[in-house]
Amino acid sequence: MTTLDYAALYEANYRPSRRLKRLVARILWVGLLIVRPNLAMEVLAERRSAKGW
């Protein structure tokens, strides 16, 4: 197998999909909002100011 074959194998079998990453991120945000709502709001405010929302 060449390096390109290993890359295709990784992409097909081992790399988490974008949808899975987004789902996990949303679950973590909901958990943070439930457990530490003030911290979650501070993080969101900091993100907004950094991105220029």
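Criteria and thresholds
Numbering of residues begins from 1 in every chain and follows the order in which that chain's sequence is written. pLDDT decides what is reported in this predicted model: residues at 70 or higher carry local features, side-chain atom pairs at 80 or more are listed and counted, and totals for whole chains, interfaces and linings draw on all residues regardless. Each side-chain value is worked out from all heavy atoms of the structure, with water and hydrogens disregarded. Starting at the N terminus, helices and strands are each numbered in turn, a helix being any DSSP run of H or I of at least four residues and a strand any DSSP run of E of at least two. Between buried and exposed lies partly exposed: a residue is buried under 20% and exposed over 50% of the maximum accessible area for its type, with that area taken using a 1.4 Å probe on protein chains only. For patch detection, residues must exceed 30% relative accessible area and be free of salt bridges, and they are connected within 9 Å for like charges or within 5 Å for nonpolar side chains (Val, Leu, Ile, Met, Phe, Trp, Tyr). In these tables, accessible area is a Shrake-Rupley quantity obtained with a 1.4 Å probe, and a residue counts as shielded only by the protein chains included in the view. One speaks of a salt bridge when a side-chain nitrogen belonging to Lys or Arg is within 4 Å of a carboxyl oxygen belonging to Asp or Glu. Charge assignment: positive for Lys and Arg, negative for Asp and Glu; neither His nor the chain ends contribute. All charge positions are set by atom: Lys at NZ, Arg at CZ, Asp at CG, Glu at CD. Per residue, pLDDT captures the predictor's confidence, and it can take any value from 0 to 100.

Topic: the overall build of the chain
Check the secondary structure of the chain and you find 3 helices and 0 strands. Element order for the chain, N to C, with α for helix and β for strand: α-α-α. Each of the 53 residues in the chain was classed as buried or not, and the buried ones make up 2%.

A few points about a positive patch on the surface
Where like charges cluster on the molecular surface, the positive patch consists of Arg 18, Lys 21, Arg 22 and Arg 26. Within the fold, Lys 21 resides in helix 2 (residues 18–35).

A few points about the confidence of the model for the chain
Summary statistics for the chain give a mean pLDDT of 85 and a share of 89% for residues scoring 70 or more. Within the chain, no element has a lower average pLDDT than helix 1 (residues 3–13), which sits at 77, and none a higher one than helix 2, at 93.

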